Amino acid sequence: EAAPVTPPEAAELRPAPMQKVVGRGKARRVVDKTPAELVTEGLLHLEPHQKLDGDQIVEKSLEEQVKEKLLSFTEAQERRIADFSNQALALRSALIPDYQLHNAALGLYDDRRAAQIRATVQAFRDEYHRLEAAVHKAHTAKALDAVQERYPRKLASASKVSKS
């Protein structure tokens, strides 16, 4: 005689260690545990520079890292400057891909478009230099964290481009 067949809804769900069962009755399903649950259960370990913020793993602020002696103040300044530099390159690349910089340098764009690209790149440079000076001027980790970028989010407008 054949073994009785268990209907799928009555079958026991067996989640992996990094999963859990949610819902009731037919709505029961297996989902991934949150990072916070994984940390609490010892299944995920945070790096020294990380912390839990609600259910998310985030990087500790520079102030926290300096306070906990994970970074010296000088290292925090260097990290902040490097982060601003990387952010500038990423944002500029999103607005003006490298091929457009090359095309402008080769004279392939009309004067107005080339001037718009130059003005936008100059705005990124000016903001980076402002940030670099502010980071060097800061004397506390809290002051470092307070330095905020104002990189362009769009190309320089036609009115800001000189007609020279």
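Residues numbered from 1 in each chain as written. Predicted model: local features only at pLDDT ≥ 70, side-chain atom pairs only at ≥ 80, totals over all residues. Heavy atoms only, no water.

(A) Inspection of the packing of helix 3 (residues 73-95) against helix 5 (residues 111-137) at higher detail. Close contact between helix 3 and helix 5 brings their axes to 10 Å; oriented N to C, the two are set at 165°. Between helix 3 and helix 5, the angle falls in the class roughly antiparallel. Relative to helix 5, helix 3 is oriented so that their crossing is right-handed. Within the contact between the two elements, helix 3 uses Q77, R80, I81, F84, S85, A88, L91, R92 and L95 and helix 5 uses T120, V121, F124, Y128, L131, E132, V135 and H136. The residue inventory of the contact of helix 3 with helix 5, partitioned by class, reads 10 nonpolar, 4 polar and 3 charged. (Axes fitted to C-alpha atoms, helices over the stretch in contact; angles between N-to-C directions. Helix = DSSP H or I, 4+ residues; strand = E, 2+ residues; numbered from the N terminus. Parallel < 35°, antiparallel > 145°, perpendicular 65-115°, else oblique. Left-handed = near helix turned anticlockwise from the far one by under 90°. Contact = heavy atoms within 4.5 Å. Nonpolar A, V, L, I, M, F, W, Y, C, P; charged D, E, K, R; others polar.)

(B) Broad picture of the side chain of E127. When you line up the elements, E127 lands in helix 5. Beyond its immediate sequence surroundings of up to four residues, E127 is in contact with Q148, E149, R150 and Y151.

(C) Seen up close, helix 4 (residues 98-105). Looking at helix 4, one finds that the buried residues are Q100, N103 and A104. The arc that holds every buried residue of helix 4, seen down its axis, measures 100°, which confines them to one face. Along helix 4, the residues that are exposed and aim more than 90 degrees away from the buried face are Y99, H102 and A105. Buried residues along helix 4 sit in contact with helix 3 and helix 5. Backbone geometry just downstream of helix 4 places G107 in the positive-phi region, at approximately 80°. (Buried < 20%, exposed > 50% of the residue type's maximum accessible area, 1.4 Å probe, protein only. Arc of directions from axis to C-beta.)

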